[in-house]
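Read off the chains here:
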Amino acid sequence: MKKTYTSKKRIAVDAYFFNNFGDDLFLEILINRYPNAHFDFITPSEDRIKNFHGNPRIKIVSRKQALKKVMSYDMYIMIGGSMFQQPPNWKMQRLNLFLMVRTFKLFNKPCAIIGCNFGPYSDPSYLKAYKNIFKKLDYLSVRDEKSFKVLNDKNINLHCYPDIAFSFDVESKGGDQRNTENIIGVSIMDFGKENPDYEDKMAEMLNSIQEHAKIKIFSFQNSNEINDLKVINKVLSKLPNNSDHIEVVNYEGNMSSFLSHYEECRAFLTTRFHSLILSLMYNQKIVAINYNPKIENTLKFLDLPIEMVNLESLEDINLDILFDQKQTSYDLSTIKRESLAHFEFIDSVIGV
């Protein structure tokens, strides 16, 4: 029998709360899918969730508060993409997740992690430690086949579907209107460490692109940890002429405005992973910079004819693809339907 919502449904949510566009998009999809549920975001500050300010269904709680009022929740979920990449403090992160899952399961509360990829990692104990936690989950979904193969275990309720972002509903501008505006989008990324070669090559590419089109550069995250805007400004400072044809679009929790700018672009040079996903959904010509295995893994999983160049080989990039005025269309209907399956277990608990 189909479940219905009740105003009493409440979910404790762990995610990457740092005003990162991709992770905020996951959260936007989550809260829109369950319009009568309430969500407690486990984060220390409202400044980390600017896109959700003023939403009466969202409350900020500490991890300690969430653990103390476990009985008030219908379930615990972690939602995100690159949640398991073996950071230096991974043992503390692992302990936090262990405490959440152990406590919620102690009180027979469902637990799920959805939408992630696993790795890269270098320490075998990292994989072993997390697999022990995953065995206690009611549900785990990943977004690429490599993660599925790494985690596949008869004692883990494991599923593999396309990235959650594909389930987001977008309305794309017509190709003729885009060709008239002739804007090429570029995402430039802060890798968390100095990367002067990347900055120099991006400056060279911007210089080439602006001879053919207007440019919008997109910054997907700006925090103390990762600051795309800082790297963008470094790249712009390397241009011989800081052209009036270049506009910077900065994500600061302004999702609607950010997407409005994004859809105006006819083609896109993507670095950020969710820049690639958005450009697919907006049917844009794409050249993808492969900076992380998840880029290549996802493109293989989707089996789409996208031009890709490795970060270490940017001198081999073919920008002519971006200048081609021919309209592009990707059939993502099956991918969109499959990506919604990440929510199948939550649907069974909360109702749809």
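Residues numbered from 1 in each chain as written. Predicted model: local features only at pLDDT ≥ 70, side-chain atom pairs only at ≥ 80, totals over all residues. Heavy atoms only, no water.

K.L.:
Teacher, can you tell me more about the nonpolar core here?
P.N.:
For soluble globular proteins, nonpolar side chains are generally found buried alongside one another. The biggest cluster of nonpolar side chains holds 94 residues, and the ones touching the most others in it are V13, L30, F41, I79, I188, L269 and L280. Ranked by the residues each element gives to this core, the list is headed by helix 1 (residues 21-33), at seven residues. When near neighbours in sequence (up to four residues on either side) are disregarded, L269 contacts G185, V186, S187, M202, M205, I209, V287, I289, I317 and L322. Counting 32 residues, the second-largest nonpolar core is a separate cluster that includes A12, Y73, M100 and V101. (Core = buried A, V, L, I, M, F, W, Y, C linked by side-chain atoms within 4.5 Å. Buried < 20%, exposed > 50% of the residue type's maximum accessible area, 1.4 Å probe, protein only. Helix = DSSP H or I, 4+ residues; strand = E, 2+ residues; numbered from the N terminus. Contact = heavy atoms within 4.5 Å.)

K.L.:
Please explain the confidence of the model for the chain as it appears in this structure.
P.N.:
Low pLDDT marks regions whose predicted coordinates should not be analysed in detail. For the chain, per-residue confidence averages 93 on the pLDDT scale, and 95% of positions sit at 70 or higher. The model gives residues 1-6 a pLDDT under 50, and that stretch makes 14 contacts with residues more than four places away or in other chains. (pLDDT = per-residue confidence, 0-100.)

K.L.:
I keep staring at a nonpolar patch on the surface and nothing clicks. Help me out?
P.N.:
Taken together, M71, L106 and F107 make up a surface patch of nonpolar side chains, about 340 Å² in accessible area. The residue L106 is located in helix 3 (residues 90-106) in this model. (Patch = residues over 30% accessible without salt bridge, like charges linked within 9 Å, V, L, I, M, F, W, Y side chains within 5 Å. Areas by Shrake-Rupley, 256 points an atom, 1.4 Å probe, with all protein chains shown as cover. Salt bridge = Lys/Arg side-chain N within 4 Å of Asp/Glu carboxyl O.)

K.L.:
I would appreciate a short explanation of the sheet that holds strand 7 (residues 158-160) in the present structure.
P.N.:
Sheet strands line up and pair through hydrogen bonds in the backbone, either parallel or antiparallel. Pairing is parallel across the open sheet formed by seven strands, whose spatial order is 3-2-1-4-5-6-7. Every interior strand has two partners, whereas the edge strands, strand 3 (58-61) and strand 7, have only one. Across the sheet, the mean angle separating the axes of adjacent strands is 25 degrees when strand polarity is ignored. For strand 1 (residues 10-14) and strand 4 (residues 75-79), the ladder comprises four bridges, and the chain directions are parallel. Considered in strand 4, the bridge of I11 is made with M75. (Pairing = 2+ DSSP bridges. Axes fitted to C-alpha atoms, helices over the stretch in contact; angles between N-to-C directions.)

K.L.:
Would you mind going over the pattern of salt bridges with me for this structure?
P.N.:
Side chains that differ in charge, positive against negative, can pair when their charged atoms come close. Overall, the coordinates contain 16 salt bridges when judged by the stated rule. In this structure, K234 engages E194 in a salt bridge whose closest nitrogen and oxygen atoms are separated by 3.1 Å. Placement of K234 in helix 8 (residues 228-237) and of E194 in the loop between strand 8 (183-187) and helix 7 (196-209) is noted, with a sequence separation of 40 residues between them. Using a relative accessible area of 59% as the deciding quantity, one classes E194 as exposed. Close ionic contact of K216 with E247 constitutes a salt bridge, the shortest N to O distance being 3.8 Å. One end of the pair, K216, is in strand 9 (residues 214-219); the other, E247, is in strand 10 (residues 246-250), with 31 residues separating them in the sequence. On the basis of relative accessible area, K216 is assigned to the buried category, the value being 5%.

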